[in-house]
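Here is how the chains run, residue by residue.
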Amino acid sequence: MSVISEMSQDGQKLTISIKGRFDFAKHQQFRDAYENKELAAVVVDLKDATYLDSSALGMLLLLRDHAGGDDSDIRVVNSSSDVRKILAISNFDKLFDIS
Amino acid sequence: MQPQVQLTILIAEDSAADRLLLSSILRRQGHVVLTAANGVEAVDAFRRQTPHLVLMDAMMPVMDGFEAARQIKALAGETLVPIIFLTSLSENEALASCLEAGGDDFLAKPYNQVILAAKIKAMERLRRLQATVLEQRDQIARHHDYLLNEQRVAKAVFDKVAHSGCLNVAPNIRYLQSPYALFNGDLLLAAFTPSGDMHVLLGDFTGHGLPAAVGAMPLAEVFYGMTAKGYGLAETLREMNAKLKRILPVDMFCCATLLCLSFQRRSVEVWNGGMPDGYLHRIASGERTQLAARHLPLGVLSPEAFDDRTEVLPMALGDRVFLLSDGVIDTRDANDRLFGEQGLQRVFESNRQPDALFEEVQQALRDFGGQARDDVSMVEISLLQPAQITPPALVYSDSGQSCPLDWSVSFELRAATLKRFNPLPYLLQLLQEVHGLRAQSGALYSVLAELYSNALEHGVLGLDSSLKRDAGGFARYYQQRNACLDALQDGYVRVHLQVTPTGEGGCLTIRVEDSGKGFDVARVMQRPVDDIRLSGRGVSLIRQLGRNARWSDDGRSACVEFFWEALA
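Residues numbered from 1 in each chain as written. Chains lettered and ligands numbered in written order. Predicted model: local features only at pLDDT ≥ 70, side-chain atom pairs only at ≥ 80, totals over all residues.

This next bit is on the overall build of chain B. Per the secondary structure count, chain B includes 16 helices and 20 strands. For a compact globule of 568 residues, the expected C-alpha radius of gyration is about 24 Å, and chain B comes in at 39 Å, more than 25% above that figure. For chain B, the proportion of its 568 residues judged to be buried stands at 39%. When contacts within chain B are restricted to residue pairs at least 6 apart in sequence, long-range pairs at least 24 apart make up 69% of them. (Helix = DSSP H or I, 4+ residues; strand = E, 2+ residues; numbered from the N terminus. Rg over C-alpha atoms; globule rule 2.2 N^0.38 Å. Buried ≥ 20, exposed ≤ 12 C-beta atoms within 10 Å, placed from the backbone. Contact = placed C-beta atoms within 7 Å.)

Structure (structure tokens):
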């Protein structure tokens, strides 16, 4: 599986990990990872993500919308320098907590 | 034994006894049988009656089975007509030449009914598979043609909207864009404002194909509509963002850089949301200033949260702004290495002739990538003398019969309004009702814009125009402007317009007053009229473009006139 989702014991934190290219091909898997779940805090782990394209940015926006929009609590963690650059150009740090 | 389907089967066999035997077996299995006694007859029968399957004896007089098989396969073309060789041959070599001639299987004599039926069934499966593949291939090809045709039509419609601007006529723009860029979501628009400034947008929608193209249409409409009406970047950006936010699904947005290049003021105003760095290339010093993305793309934030803050940078004659889409830096070579920012910087560094830069970037991409991507968009805009730029004449749709000729109007814009509202498009629209003024609408708009920004920036906000003497001060000036405007509590700008008929023509008097401290009119008026500076209150521009420009009340009140003669 190239998209893995894991809910914390207390059901408060959903961690979605992406492996490989984060692009349109992962669209359905990424949606399945959070849909039909009660979302409190969400962590998107990009430790094993090699690349991120603009449709991945769109998917992050969908997740944000689903998690409550401006009230959402989403952290994007372990992004590589390449991935972080793409997030920076798009100024996504204004919407997500990126580290 | 009942067959699934009834096939037409050709038996080519020189022995009459064998022909009869096979015929009766096949008929009993429910097939329709054709017969031939040699290869020539077999080819002939095939040509006339196109059987589904052929049972072919290898050794026959006149023409043997191998040659007949070759000819039948050639006639059948892409359609699979299975050929089963009937053979008593047992040497490997002879069996191999059956297959080489196009045979699909063998059946050894003496004939066994059960094996024959099974082989026919297997061949029939193959035949159907081939037919299905061909049918699907043709269907895909048809769909593809259909899609291309749809794209051609959509593109033709879109080109009417998107290229209604000055992209192809302005002498200071060079650009590169794939003809089908629209379907990659890349968008390049350029148009003149009424005062002769140029607005340029390079955008990149998320996704590909039709969804990417759909958002481009409303964006282009807003861009052209608002630019023509004299709206500034901030208002245009707000409208574009709000519109895209409203119509696009959550996961779609548009990265964009929007520029306003002012030939009169020699400056460029920039807003970059999510596009790769653009560059301002100063020819005199060779320095390149990055125009970095400071904002989220269009269509992401709600209108309330949207940030329309722009940066203003001074330019000198010949300076260029270079914008590119991510297709440029994402170009990959055969080993999947990125061209990247570094690749672009290398081209910049090795560039000696500014005019050649555009070609050098293209060449570097070709040398690097080997194959052209269709989402590579680049545009280079240079700052020329205002006289070298001729904005197209505006087109009006009314006849002018109801043109108002004797009226006046006054506005007072107070602090809370000055903070956010740009009255210029409204004033211009009002004045364009006067037919006699239309021929001078460019000059009129420039003068109005200068008078208004003087009254606001130097009058109400009290900013010192001498700050703009150099590039660093220029940036500071605009930072101060934004800060002062945010903090503004009171003050006003008054605009009085008066139109009076004079004989066959008429006269417009514009008076703009502000609540500021005024300035030393005599000293400013002493400066030569044609002096070009970054600073200087636009006074010389107003004196050149309007008539009888004068300042009173210690510079707090400016007045200028425009005249027109009888209309032809």
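Tallying secondary structure elements over chain A gives three helices and five strands in all. A compact globule built from 99 residues would reach a C-alpha radius of gyration of about 13 Å, and chain A, at 12 Å, matches this within 12%. Taking the principal axes of its C-alpha atoms as reference, chain A extends roughly 35 × 30 × 20 Å. Here chain A holds 99 residues, and 33% of them are scored as buried. In chain A, once contacts between residues fewer than 6 apart in sequence are set aside, the share between residues at least 24 apart is 66%.

Another aspect to go through is the pairing of strand E18 (residues 505–514) of chain B. Side-chain positions along a regular strand alternate between the two faces of the sheet. Residues and elements named next belong to chain B. With ten bridges joining them, strand E17 (residues 492–502) and E18 adopt antiparallel strand pairing. Each bridged residue has a counterpart across the sheet, and for Leu497 the counterpart in E18 is Ile510. The turn joining E17 and E18, which pair antiparallel and follow one another in sequence, is formed by two residues; a positive phi near 60° is taken by Gly503. Two strands pair when backbone bridges link them, and E18 and strand E20 (residues 557–564) are joined in this way by eight bridges, in the antiparallel orientation. By the bridge assignment, Cys507 is partnered in E20 with Phe563. (Pairing = 2+ DSSP bridges.)

Right, let's talk about the interface of chain A and chain B for a bit. Taken together, the contact between chain A and chain B spans 13 residues of the former and 14 residues of the latter. It is helix H2 (residues 54–66) of chain A that contributes the most residues to the side of chain A that touches chain B, eight residues altogether. Within the side of chain A that touches chain B, the residues separate by chemical class into six nonpolar, five polar and two charged. (Nonpolar A, V, L, I, M, F, W, Y, C, P; charged D, E, K, R; others polar.)

All names here are of chain B. Grouped together as the largest cluster of nonpolar side chains are 93 residues, with contacts concentrated most on Leu189, Val200, Leu219, Phe223 and Leu261. The dominant element in this core, judged by the number of residues it contributes, is helix H6 (residues 209–228), at eight residues. For Leu261, the contacting residues outside a window of four places in its chain are Asp197, Met198, Val200, Val268, Val321, Ile381 and Leu383. Within the second largest apolar cluster, 33 residues are counted, among which are Leu451, Tyr452, Leu456 and Ala549. (Core = buried A, V, L, I, M, F, W, Y, C linked by C-beta atoms within 7 Å.)

We now examine the packing of H6(B) against helix H7 (residues 233–247) of chain B. Residues and elements named next belong to chain B. Closest axis-to-axis distance for the H6/H7 pair is 10 Å, and the angle between their directions is 155°. For the element pair H6 / H7, the angle class is roughly antiparallel. Of the two possible hands of crossing, H6 and H7 adopt the one that is right-handed. In this structure, H6 contributes Gly215, Pro218, Leu219, Val222, Phe223, Met226 and Thr227 to the contact, and H7 contributes Glu235, Thr236, Glu239, Met240, Lys243, Leu244 and Ile247. Class assignment for the residues of the contact of H6 with H7 results in eight nonpolar, three polar and three charged. (Axes fitted to C-alpha atoms, helices over the stretch in contact; angles between N-to-C directions. Parallel < 35°, antiparallel > 145°, perpendicular 65-115°, else oblique. Left-handed = near helix turned anticlockwise from the far one by under 90°.)

So, about the sheet that holds strand E1 (residues 8–12) of chain B. Residue and element names in this part refer to chain B. A sheet is described by the order of its strands in space; here five strands give the open sequence E2-E1-E3-E4-E5, paired in parallel fashion. Each edge of the open sheet carries a strand with a single partner, namely strand E2 (32–36) and strand E5 (105–108). Sheet twist, expressed as the mean angle between neighbouring strand axes with direction ignored, is 20°. Relative to E2, E1 runs parallel, the two sharing five bridges. Bridge pairing in E2 places Thr8 opposite Val32. On top of the sheet, helix H5 (residues 113–162) reaches strand E3 (53–57), strand E4 (83–87) and E5; it is set at about 170° to E5, its chief contact.

Remark on secondary structure: sheet strands pair via backbone hydrogen bonds, oriented parallel or antiparallel. Residues and elements named next belong to chain A. Across the sheet, five strands lie side by side as E1-E2-E3-E4-E5; this open sheet has mixed pairing. Bordering the open sheet on either side are strand E1 (3–7) and strand E5 (97–98), each of which pairs with just one other strand. Packing against the sheet, helix H3 (residues 81–89) makes contact with strand E3 (41–52) and E5, and its axis sits at approximately 115° to E3.

Residues and elements named next belong to chain B. Domains assigned within chain B are domain 1 (8–133), domain 2 (163–388) and domain 3 (407–564). A separation of 30 Å is found between the C-alpha centroids of domain 2 and domain 3. Counting from both sides, the interface comprises 14 residues of domain 2 and, opposite them, 17 residues of domain 3. Looking at which element gives the most residues to the side of domain 2 that touches domain 3, the answer is strand E13 (residues 311–314), with three residues. (Domains from an automatic or database assignment.)

In this section: the pairing of strand E11 (residues 278–281) of chain B. Residue and element names in this part refer to chain B. Burial along E11 is two-sided: the residues Gly278 and Leu280 and Tyr279 and His281 are all buried. Relative to strand E12 (residues 288–291), E11 runs antiparallel, the two sharing four bridges. By the bridge assignment, Leu280 is partnered in E12 with Thr289. Counting the residues in the hairpin turn of E11 and E12 gives six residues, including Gly286, whose phi is positive at 75°. Examined bridge by bridge, E11 and strand E14 (residues 320–324) share three bridges and lie antiparallel to one another. Residue pairing for E14: Leu280 is matched across the bridge by Val321.

Right, let's get into unusual backbone geometry. Residues and elements named next belong to chain B. Non-glycine residue Val62 carries a positive phi angle of around 65°. Its location among the elements puts Val62 in the loop between E3 and helix H3 (65–76). Since 13 C-beta atoms lie within 10 Å of it, Val62 is described here as partly exposed. One non-glycine residue, Asn548, adopts positive backbone phi at about 55°. Within the fold, Asn548 resides in strand E19 (residues 547–552).

All right, on to the environment of B:Ser382 then. Residue and element names in this part refer to chain B. Tracing the backbone shows Ser382 in strand E15 (residues 378–382). Given 22 C-beta atoms within a 10 Å radius, Ser382 is considered buried. Distance in space between the C-alpha atoms of Ser382 and Leu237 is 23 Å, their sequence separation being 145 residues. Leave out the neighbours within four places in its chain, and Ser382 touches Asn172, Gly318, Asp319 and Arg320.

Turning our attention to the confidence of the model for chain B. On average, chain B scores 86 in pLDDT, and the residues at 70 or more come to 93%. Predicted as a complex, the structure gets a pTM of 0.74 and an ipTM equal to 0.86. (pLDDT = per-residue confidence, 0-100.)

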